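# Descriptive structure summary
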Amino acid sequence: MNLIHLAIAVAASVAGTLILVLVIQRLRHDSARNSAEKIRSDAEREAEHLLRDARISAKGETIKMREECDAELKERRKEQANVERRLAQREELLDRRADSMDAKQKNLEKQETEIAQLRERLANREQELNRGISRQIDELERISGYSRDEAREVLLEKLKNEVKNESGLLVRDVLEEARERSEKEAKRILTYAMQRYASDCTYERTTTTIPLPNDEMKGRIIGREGRNIRAIESATGVNILIDDTPEAVVISCFDPVRKEVARRLMEKLIGDGRIHPTRIEELVKKISKDLDEDLFQVGEAAVLETGIPGVPPQIMKLLGRLKYRYSFSQNVLQHSLEAAYFMGIIAAELGLDEKKAKRIGLFHDLGKAIDHEVEGPHAQIGADVLRKYNEAKDVIHAVAAHHGEIEPESLYDILINICDTLSASRPGARSETTELYLKRLEQLESIAHEFPGVDSCFALQAGREIRVVVTPEKISEGEAQMLAKDICGRIEKEMTYPGQIKVTIIRETRSVEYAK
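Residues numbered from 1 in each chain as written. Predicted model: local features only at pLDDT ≥ 70, side-chain atom pairs only at ≥ 80, totals over all residues. Heavy atoms only, no water.

### Comments concerning the overall build of the protein chain
Going by this rule: Secondary structure elements are taken from DSSP: a helix is a run of H or I of four residues or more, a strand is a run of E of two residues or more, and numbering for both begins at the N terminus. Whether a residue is buried, partly exposed or exposed follows from its accessible area with a 1.4 Å probe, protein chains only, as a fraction of its type maximum: under 20%, in between, or over 50%, in that order. The criterion used for residue contact is that any of the two residues' heavy atoms lie within 4.5 Å. What sets the accessible areas is the Shrake-Rupley method with a 1.4 Å probe; for residues, cover comes only from the shown protein chains.
A tally of helices and strands in the protein chain yields 14 helices and eight strands. Across the 516 residues of the protein chain, 29% fall into the buried class. Sequence-distant contacts, at least 24 apart, represent 61% of the contacts inside the protein chain between residues at least 6 apart. On the protein chain, roughly 35100 Å² of surface is accessible, and the fraction owed to carbon and sulfur atoms is 53%.

What follows is the structure, encoded as structure tokens:
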């Protein structure tokens, strides 16, 4: 019974609990529905507010956009009106231009008509002129006795002679102007060079005549059966000439160094009086050694004096040998130093390498130191020596070309020729025999006499000027200038002379009458 009651109680409790749960759920459901309704109601009210605000805002934007569109439309209408006004003005301008073009076209057509008429009149006039010229030519042919072709040849020949004469005069004027400018500049440079370096024109030359204290010394020099003089000649390679000249002997040798050794030997032997073959051989060895040192020192001094770097000792020794070498009484070493100084000064004026120019000037006659030992011209010998000691190519070529054996290739080649002549042709620098001088004057006058139209000619100023008198009927003014150039060309080709020779053509007309 209790179990039943317990079961009922439990069942009742469970049912109450279920009912309570259902009631609570029902209440929750109603509360949620009420909340949802409230939220929906709030959302609807909020949506209505937003929709109303959106409508108000959209209406404002629409009004604003409409105002902007109206303003833009108004502006575009204004621009369109301006464009239409400009187009109307442009159209009006085009109309005026079209009217002007029509007027110009009519004017051009009128001018073309007038030009055609003028051309027709000119053609008629030309025909009349041609007929008149033909009649005049026929009349001229009848009067002159020449046909048209013959008259043309005569006129061309006359014109040719006139043009030749005029061209000769023009060439003379141009050459004279160019000569004046070049001579002025050349004189300035050469005068400056000679002013910078002006040495004596004469040099001390080693004598070959040895004075003796008395005639007894001649016998001692000859020795018993001539053994002493044979020993001297054998050791030195010279010839001792003992003639009837009192108290003097003469040393003869083509080698200037050997001659200097013999000269020193004779002075030593005469000074101490001990003359015998053994003593002669000892002195020759000692003097030769001392002379070699002297030659080197002389060459070294020349190199230092000109300021040339990198010269081999062998070249210095050869330069020293030039001290005892003479050319027409001019000392070759002194001549080489002069040429070096002239080269340096003129090269500096012309903007060339001064040291290279001095090097060429000092070395240009180097071949004369051994030209008695080696065959060939001294210019080529010197170039071969320089080539042996690895000298620069342009220096070697300038040395080889300074006498014209080969063609010049640079300004240095021409400049060394000028400076060589400048040093050698100065008054008193070299001696010349009277016979050679007279032969040069005769050759100069004979060359001028060979040209046609030459009446007479005279060599003046020791052969440095020749005046040529021509026949005026045979030589015109223009041809006189060309004759002077031709004579200069012949002189340069056929003659050898120092410096330069001035050629003056004299053409004059003389009218002579006698009062009776």
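Having seen the model, we can carry on.
### What to know about the packing of helix H5 (residues 256–272) against helix H6 (residues 277–306)
Just so we agree on the cut-off: With axes taken as lines fitted to C-alpha atoms, and helix axes fitted only over the stretch in contact, angles between N-to-C directions fall between 0 and 180 degrees. Should an angle lie under 35 degrees it is considered roughly parallel, over 145 roughly antiparallel, and from 65 to 115 roughly perpendicular; all remaining angles are considered oblique. Two helices that cross are described as forming a left-handed crossing if the nearer one is turned anticlockwise from the farther one by less than a right angle, and a right-handed crossing if clockwise. Lys, Arg, Asp and Glu make up the charged group, whereas Ala, Val, Leu, Ile, Met, Phe, Trp, Tyr, Cys and Pro make up the nonpolar group; the residues left over, Gly among them, are polar.
Closest axis-to-axis distance for the H5/H6 pair is 9 Å, and the angle between their directions is 130°. The orientation of H5 relative to H6 falls into the category oblique. Seen from above, H5 lies across H6 with right-handed handedness. In contact with Val257, Glu260, Val261, Arg264, Leu265, Lys268, Leu269 and Asp272 of H5, H6 contributes Arg279, Ile280, Leu283, Val284, Ile287, Ser288, Leu291, Asp294 and Leu295. Broken down by class, the residue content of the contact of H5 with H6 amounts to ten nonpolar, one polar and six charged.

### What about the sheet that holds strand E8 (residues 502–506)?
So the rule is basically this: Each pair of strands is called paired provided DSSP finds at least two bridges between the two strands.
On the basis of which strands lie adjacent, the open sheet formed by three strands has the order E6-E7-E8 and mixed pairing. This sheet does not close on itself; its edge strands, each paired only once, are strand E6 (454–460) and E8. Shown here is a sheet whose adjacent strand axes are inclined to one another by a mean of 20°, direction ignored. In this structure, strand E7 (residues 465–470) lies alongside E8, joined through five bridges in parallel fashion. Bridge pairing links Arg467 to Thr504 in E8. Sheet strands in contact with helix H14 (residues 477–494) are E6, E7 and E8, and its direction is about 150° off that of E8.

### A few points about the packing of helix H4 (residues 227–236) against H6
Here H4 crosses H6 at 20°, and the two axes come no closer than 9 Å. Put simply, H4 runs roughly parallel to H6. Taken as a pair, H4 and H6 cross one another with a handedness that is right-handed. In this structure, H4 contributes Arg227, Asn228, Ala231, Ile232, Ala235 and Thr236 to the contact, and H6 contributes Pro277, Ile280 and Val284. Residues belonging to the contact of H4 with H6 are distributed by class as follows: six nonpolar, two polar and one charged.

### Points about unusual backbone geometry
Notably, Asn390 is not glycine yet its phi reads approximately 60°, a positive angle. Along the chain, Asn390 falls in the loop between helix H10 (378–388) and helix H11 (393–400). Using a relative accessible area of 71% as the deciding quantity, one classes Asn390 as exposed.

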